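Fold and contact review
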Amino acid sequence: MDVKIETSWKEILKDEFEKDYFSNLVSFLHQERAQGAVIYPPGALIFNAFALTPFDKVKVVIIGQDPYHNPGQAEGLSFSVPSGVRIPPSLKNIYKEIESDLGVKVNKDGSLRSWAEQGVFLLNAVLTVRANQPTSHSKIGWQQFTDSVIKAISDKKEGIIFLLWGNYAKGKKTLIDSSKHYILEAAHPSPLAGGAFFGCKHFSKTNDILLQNGKKAIDWSI
């Protein structure tokens with residue numbers, strides 16, 4: 001696997017890439033492909049979140065669980081699908097909350113690339129999945145890797161806003177130093193949460209915090 005990852009991240013994570021578990025993870029993915037398994041996202045997009053949001057530019061972190069497992073959906077950014085692909089239910093609810101919270105109209109495109117380019121780090125805890133088999137790569141080592149990513153952000157930066165949606169993301173709270181970062185929690189935007197996500201106002205709250213800290217607000221309107 002050719003690790004396409006932006007330079008500042010390479011420096012931060014160089015020790016992780018040299019650990020045995022990461023070598024085993026890469027070997028596992030090679031073996032899966034050799035046996036004919038289809039893996040999402042495509043190899044060049046596995047580290048897309050790292051490519052689009054350099055470590056130095058991270059302002060906000062949104063943690064997802066694992067990639068979409070249907071054809072053409074996963075693009076290496078949590079909750080995001082490529083332009084032109086039908087918008088998944090969780091993302092529809094995210095857009096509804098943005099419109100309600102900020103009073104803006106969201107352009108109905110499923111790609112969150114513009115957020116990533118503004119400093120919103122869209123991290124899935126698991127970076128790959130076998131086609132049509134949700135959570136199929138959840139035990140191959142990715143969580144050890146992404147936990148170290150979250151901890152590196154916590155340790156080496158200050159004033160980052162972590163948006164933790166749903167119990168899975170909230171479980172990552174122990175990796176974050178709440179004395180120097182902001183943690184906003186809400187229900188998962190999935191329809192399975194029965195609409196409990198609505199009214200969290202995380203998008204206006206995030207921008208208020210950024211502006212209070214002299215940083216540029218995020219344009220959430222896509």
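Note that the coordinates shown come from a computational prediction; the quantities given were computed from them, not determined experimentally.

**Overview of unusual backbone geometry**
Cis geometry marks the peptide bond from Tyr40 to Pro41, where omega comes out at -10°. Note on placement: Pro41 falls in the loop between strand 1 (39-40) and helix 3 (48-52). Its identity as a non-glycine residue notwithstanding, Asn132 has a phi of 65°, on the positive side. Along the chain, Asn132 turns up in the loop between strand 4 (129-130) and helix 6 (142-156). Its relative accessible area of 51% is what places Asn132 among the exposed residues. Non-glycine residue Lys201 carries a positive phi angle of around 55°.

**Looking at helix 2 (residues 20-34)**
When the terminal C-alpha atoms of helix 2 are compared, their 21 Å separation across 15 residues agrees well with the 21 Å that a helix rising 1.5 Å per residue should span. Buried residues of helix 2: Tyr21, Phe22, Leu25, Val26, Leu29 and Glu32, and no others. In an axial view of helix 2, the angular spread of the buried residues amounts to 140°, which keeps them on one side of the axis. Exposed side of helix 2, more than 90 degrees from the buried face: Asp20, Asn24 and Ala34 are the residues found there. Turning to helix 2, the residues buried within the fold contact helix 1 (7-17), strand 1, strand 4 and helix 6. Where helix 2 terminates, the next one or two residues include Gly36, which has phi positive at roughly 90°.

Conventions we followed
Residues numbered from 1 in each chain as written. Predicted model: local features only at pLDDT ≥ 70, side-chain atom pairs only at ≥ 80, totals over all residues. Heavy atoms only, no water. Helix = DSSP H or I, 4+ residues; strand = E, 2+ residues; numbered from the N terminus. Buried < 20%, exposed > 50% of the residue type's maximum accessible area, 1.4 Å probe, protein only. Expected span 1.5 Å × (residues − 1). Arc of directions from axis to C-beta. Contact = heavy atoms within 4.5 Å.

So far we have only geometry, and geometry alone does not tell us how the molecule works.
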